[in-house]
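Topology and contacts: notes
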Amino acid sequence: DDGTRDQLFAGPWAITAGQETDASSGGGQIGRGSATITPATLSGGASHTLSVKLYGQSPYTLVRARVAVPSTWTWSHLTSDVTLIGGGSPTKSISGDTVVISNLTLAANDSVQVQFSNMTPADSTATFSFNVRTGTHPDSVFAIGTQPSVFVYSTPVPLSSVQTNDVNGVPLRN
């Protein structure tokens, strides 16, 4: 900052001197409700059962939701490996890596559990978010404010394989 009041900015937003600046590139819509994921930690490269639980928000009733599985994970993409518990009489379908939940009735104190069977996270150490979008109308869904995430730790490898160098002393594994 050079201390001047006038500066140049590049981006998809408008800046008017003396006005608040909206630096978002979206329409500002946010999904209603919240979500958690259990378990919070998984081992990579192994098959697991995982649950994403969606919670309603007063005064809204959620009627549709989408839960996107990280693209690096392996799973069957079959509705038979996804179980819905609660939320009225919801129906499910699969679109790519996303579970689409329709006919949902999720009010303020309600929840629906989306249970995934036979999921294998990538064999790496990282935090993976499940993109959850909800809607109070059947024709639109928006991302919730805080996305649920799970920490995945990779399969341990012997220290000797990590420290191996080539003839020039460059590590073979980074």
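I will try to describe carefully the structure that is included in this document. Note that the coordinates shown come from a computational prediction; the quantities given were computed from them, not determined experimentally.

The rules we used
Residues numbered from 1 in each chain as written. Predicted model: local features only at pLDDT ≥ 70, side-chain atom pairs only at ≥ 80, totals over all residues. Heavy atoms only, no water. Pairing = 2+ DSSP bridges. Helix = DSSP H or I, 4+ residues; strand = E, 2+ residues; numbered from the N terminus. Core = buried A, V, L, I, M, F, W, Y, C linked by side-chain atoms within 4.5 Å. Buried < 20%, exposed > 50% of the residue type's maximum accessible area, 1.4 Å probe, protein only. Contact = heavy atoms within 4.5 Å. Axes fitted to C-alpha atoms, helices over the stretch in contact; angles between N-to-C directions. Patch = residues over 30% accessible without salt bridge, like charges linked within 9 Å, V, L, I, M, F, W, Y side chains within 5 Å. Areas by Shrake-Rupley, 256 points an atom, 1.4 Å probe, with all protein chains shown as cover. Salt bridge = Lys/Arg side-chain N within 4 Å of Asp/Glu carboxyl O.

Bridge analysis of strand β10 (residues 131-137) against strand β11 (residues 140-143) gives three bridges, and the strand direction is antiparallel. Across the sheet, residue R133 finds its bridge partner in β11, namely A143. As consecutive antiparallel partners, β10 and β11 are separated by two residues.

This part is about the nonpolar core. The biggest cluster of nonpolar side chains holds 29 residues, and the ones touching the most others in it are L50, V52, W73, F116 and F130. Listed by contribution, the elements that provide at least two residues to this core are β1 (34-38), β3 (48-55), β4 (64-68), β5 (82-86), β7 (98-104), β8 (111-119) and β12 (149-153). When residues in this core are grouped by element, the largest group, four residues, is from β8. Once residues within four sequence positions are removed from consideration, W73 is found in contact with L42, L50, M119, T120, P121, A122, F128, F130, V150 and V152.

This part is about unusual backbone geometry. As a rule of thumb, non-glycine residues mostly have phi less than zero, and peptide bonds are mostly trans rather than cis. Backbone torsion omega between T38 and P39 reads -5 degrees, so that peptide bond is classified as cis. Among the structural elements, P39 can be located in the loop between β1 and β2 (41-43). The amide bond that connects S58 to the next residue, P59, takes the cis arrangement and shows omega of 5 degrees. Within the secondary structure, P59 sits in the loop between β3 and β4.

Taken together, the four strands give an open sheet; going across it, the order is β1-β3-β8-β5, and neighbouring strands pair in antiparallel fashion. The sheet terminates laterally at β1 and β5, the two strands that pair on one side only. Averaged over all pairs of adjacent strands, the angle between strand axes in this sheet comes to 20 degrees, irrespective of strand direction. One ladder, built from five bridges, connects β1 with β3; its direction is antiparallel. The partner of T38 across the bridge, within β3, is S51.

A cluster of nonpolar side chains, contributed by V157, L159 and V162, occupies part of the molecular surface with about 240 Å² of accessible area. Looking at where V157 falls in the secondary structure, it is placed in the loop between β12 and α1 (159-162). Given the relative accessible area of 37%, V157 is considered partly exposed.

To continue, consider the sheet that holds strand β9 (residues 126-129). The three strands lie next to each other as β2-β12-β9, forming an open sheet whose pairing is mixed. Edge positions in the open sheet fall to β2 and β9, since each of these has one partner strand only. For this sheet the average axis-to-axis angle between neighbouring strands, irrespective of direction, equals 35 degrees. Of the pairings in the sheet, the one linking β2 to β12 comprises three bridges and is parallel in character. Its bridge partner lying in β12, L42 is registered against V152.

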